[in-house]
Amino acid sequence: MSITHNKKNLEIWIKNRVRHDQVDKYLHDQKDFIDEDKIFTALEAGKSPDAGYVRDILKKSLAIETLNLDETAALLNVTDPDLLAEMRQTAAAVKKKVYDNRIVTFAPLYLSNFCVNNCLYCGFRSDNILARRRTLSIDEVKREIEVLAGTIGHKRLIVVYGEHPQSDIDYMVDTIAAIYEVKVKTKKGVGQIRRVNVNAPPLSVESLRSLKEVGIGTYQVFQETYHHDTYRRLHPQGTIKGDYRWRLYCMHRAFEAGIDDVGIGVLFGLYDWKFEVLGLVTHARILEAHCGVGPHTVSFPRLEEATHIPFTLQSKYRVRDEDFKKIVTVLRLAIPYTGMILTARETASMRRETIGLGVTQIDASTRIGIGAYSDRSEEQEGRRQQFLLGDTRSLDEVIRELARDGYITSFCTAGYRCGRTGECIMELLKTGKEGQFCKLNAILTFREWLDDFASKPTQDIGEEIINKELDEVKKNIPGMYPHLVEYYERVAQGERDLYF
Ligand code: SAM
Ligand code: SF4
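Residues numbered from 1 in each chain as written. Chains lettered and ligands numbered in written order. Predicted model: local features only at pLDDT ≥ 70, side-chain atom pairs only at ≥ 80, totals over all residues. Heavy atoms only, no water.

Q: Which parts of the structure should I look at to understand the pairing of strand S1 (residues 102-112)?
A: Side-chain positions along a regular strand alternate between the two faces of the sheet. Within S1, 11 of the 11 residues are buried, which leaves the element mostly enclosed by the surrounding structure. Both S1 and strand S11 (residues 408-410) contribute to a ladder of 3 bridges, which runs parallel. When the sheet's bridge partners are listed, Arg102 is paired in S11 with Ile408. In this sheet, strand S10 (residues 361-363) lies alongside S1 in parallel orientation, the contact comprising 3 bridges. Each residue of the ladder has a partner; that of Phe106, found in S10, is Asp363. Bridge analysis of S1 against strand S2 (residues 156-161) gives 5 bridges, and the strand direction is parallel. Bridging across to S2, Ala107 finds its partner in Leu157. For the segment spanning S1, helix H7 (residues 138-152) and S2, crossover handedness is right-handed. (Buried < 20%, exposed > 50% of the residue type's maximum accessible area, 1.4 Å probe, protein only. Helix = DSSP H or I, 4+ residues; strand = E, 2+ residues; numbered from the N terminus. Pairing = 2+ DSSP bridges. Right-handed = clockwise from strand over helix to strand, strands pointing away.)

Structure (structure tokens):
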């Protein structure tokens, strides 16, 4: 095939990608659900909120009710240090009520960095001719999993794809199936990836059905910015990603395809952060109203420097650390039931500070070069990566620190495998019942990880946490204790993947 012919095929592929029939039916009066006037009005009206009003809002968060735009705007506008401290304490209390002291860990796995889009902020943009492009073969994917599941001990992944015919739905399905197949012998049992979450471009309903069939966890797509004009400027028209609405309604299509576990997000640093928080809350509320279930996770990455991508240093909206902490606090209060993901884009100290404000999931031992888990040389050059990482600590180090701070690391993947997703899990989370299953599964999976992968110092501190958790179950959920002890002993003998 000649290069021109390939180019032509690529153009046709791009042209047919957006399915307007799968978007237009959701519009009202030709408008999408991001009403910018409403957001700006809420921000203006919420200026200098009264302390009594703020405390009433905090009560609503504590009752695990989603806040509306006016309430969220009021919280965003709080500047009084005492009131801000109350907000932070309430955010921590909300997190404790829904997720207790559990932190879920995962690893991102970049499978292909070919991309037809040209997002101004991304190292994979098509204009970046200095980027080294690569798509992993199935054997290479398996080699990555051998390290992730067999040496590091991860059980959950988020797989990441650029948008390109080489990494289209068939490739996604094949790679995910291959990931689930790999089983590696460990010290006492078997290492295996049990949950694959997906960060992929917006897909059609048909392709989303295929993802559902192969058995994914969360389908995650970030809107990047909810501000229409900014979106247009940063995602050149004529590219697939240039279509704001195709992206905005991809979670509606996911629900149509039977995927009720979705993750939304914003790339903070592209536009005004207060506007973006209200965009996220609007999106969460629309999903609750339209699909009967809100987002399972919210992500809030900050724009990071990327090699050969000048925009990443020039954006006037880059978010300061203090504002970032406020974003985390307000999101926890505004969408109290949702999982909140903080990635290794942030430094170790920023992660330390924000975990207490409401974060529920973090990555560790992270490598974002393509093929970089099994071949370390792939990580060393900026031109092979999408952006530069802030926290490069190992999973063992991160777990040790979490344990020192009183957190138990959970590798639980039970939820989607026993049908606790979507509306069902939302209800369980809101009423605190999911917490009971999660607590038991955190203990079992942490036992597995300590026995198979922990260093001696991590093992020692991990035992303290696990004994404390066992005591809590005995005291607070005595009905489940004997059943837990039975499973716990079997896991300690080397049996794997037992869950409630
Ligand atoms: N291609 C898919 C897409 O755009 O949705 C998924 C992969 S993309 C690599 C995943 C996410 O990385 C994007 O949604 C964006 O938010 C984030 N990202 C891109 N450039 C970044 C940068 N310079 N700093 C931090 N995050 C970035
Ligand atoms: Fe491609 Fe996603 Fe990067 Fe945009 S953000 S250039 S779509 S990989």
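Anyway, onward from the coordinates.
Q: What is the right way to look at helix H22 (residues 481-492) in this model?
A: Working note: α-helix, 3.6 residues per turn, so residues spaced by three or four point in the same direction. With 12 residues, H22 extends 16 Å between its outermost C-alpha atoms, agreeing within 8% with the 16 Å of an ideal straight helix rising 1.5 Å per residue. Among all positions in H22, only Leu484, Tyr487, Tyr488 and Val491 are buried. The arc that holds the buried residues of H22, viewed along the axis, is 105°, so those residues lie on one side. Note on H22: the residue one or two positions beyond its end, Gly494, has a positive phi of about 115°. (Expected span 1.5 Å × (residues − 1). Arc of directions from axis to C-beta.)

Q: Please explain the site of ligand 2 as it appears in this structure.
A: Looking at ligand 2, the residues that line it are Cys115, Asn117, Cys119, Cys122, Phe124, Arg125 and Lys241. Within the shell around ligand 2, the residues separate by chemical class into 4 nonpolar, 1 polar and 2 charged. (Near = heavy atom within 4 Å. Nonpolar A, V, L, I, M, F, W, Y, C, P; charged D, E, K, R; others polar.)

Q: Any chance you could explain the nonpolar core here in plain terms?
A: Here is a general trend for soluble globular proteins: nonpolar side chains tend to be buried in one another's company. If you look at the biggest cluster of nonpolar residues, it comprises 156 residues, and the most contacted ones within it are Ile145, Val159, Ile176, Leu211, Tyr219 and Phe300. The leading source of residues in this core is helix H13 (residues 273-291), at 9 residues. Counting contributing residues per domain, this core is built from domain 1 (19-28 + 93-431) and domain 2 (435-492), each supplying no fewer than three. With residues near it in sequence (within four places) discarded, Val159 still touches Leu109, Leu111, Ile176, Ile179, Val196, Asn197, Val198 and Asn199. (Core = buried A, V, L, I, M, F, W, Y, C linked by side-chain atoms within 4.5 Å. Domains from an automatic or database assignment. Contact = heavy atoms within 4.5 Å.)

Q: Please explain the pairing of strand S7 (residues 262-265) as it appears in this structure.
A: Residues of S7 alternate between two faces, with Val262 and Ile264 on one and Gly263 and Gly265 on the opposite face, all of them buried. Inspection of the sheet shows strand S6 (residues 219-220) paired to S7 by 2 bridges, in the parallel sense. Each residue of the ladder has a partner; that of Gln220, found in S7, is Gly263. Pairing of S7 with strand S8 (residues 297-299) involves 3 bridges; the strand directions are parallel. In the strand pairing of S8, Ile264 is matched with Val298. In this region the chain leaves S7, passes through H13 and returns to the parallel neighbour S8; the handedness of that crossover is right-handed.

Q: Quick question: what am I supposed to make of the environment of Ala364 here?
A: Relative to the helices and strands, Ala364 resides in the loop between S10 and helix H17 (395-404). In this structure, the C-alpha to C-alpha distance between Ala364 and Pro108, residues 256 residues apart in sequence, is 8.8 Å.

Q: How do you make sense of the state of the cysteines when you look at a structure like this?
A: What makes a disulfide is a covalent bond joining the sulfur atoms belonging to two cysteines. For the structure shown, the criterion picks out 0 disulfides. Cysteine Cys291 shares no disulfide, and the gap to the nearest cysteine sulfur, in Cys250, comes to 11 Å. (Disulfide = S-S within 2.5 Å.)

Q: Got a minute to help me understand the packing of helix H5 (residues 69-76) against H13 in this structure?
A: Packed helices, taken two at a time, are described by the angle between their axes plus the distance between the axes. H13 packs onto H5 with a crossing angle of 150° between their chain directions and a minimal axis gap of 10 Å. By the angle between their directions, the pair H5 and H13 is classed as roughly antiparallel. Viewed along their axes, H5 and H13 form a crossing whose handedness is right-handed. Between H5, through Leu69, Thr72, Ala73 and Leu76, and H13, the contact on the second element is made entirely by Trp273, Lys274, Val277, Leu278, Val281 and Thr282. By residue class, the composition of the contact of H5 with H13 is 7 nonpolar, 2 polar and 1 charged. (Axes fitted to C-alpha atoms, helices over the stretch in contact; angles between N-to-C directions. Parallel < 35°, antiparallel > 145°, perpendicular 65-115°, else oblique. Left-handed = near helix turned anticlockwise from the far one by under 90°.)

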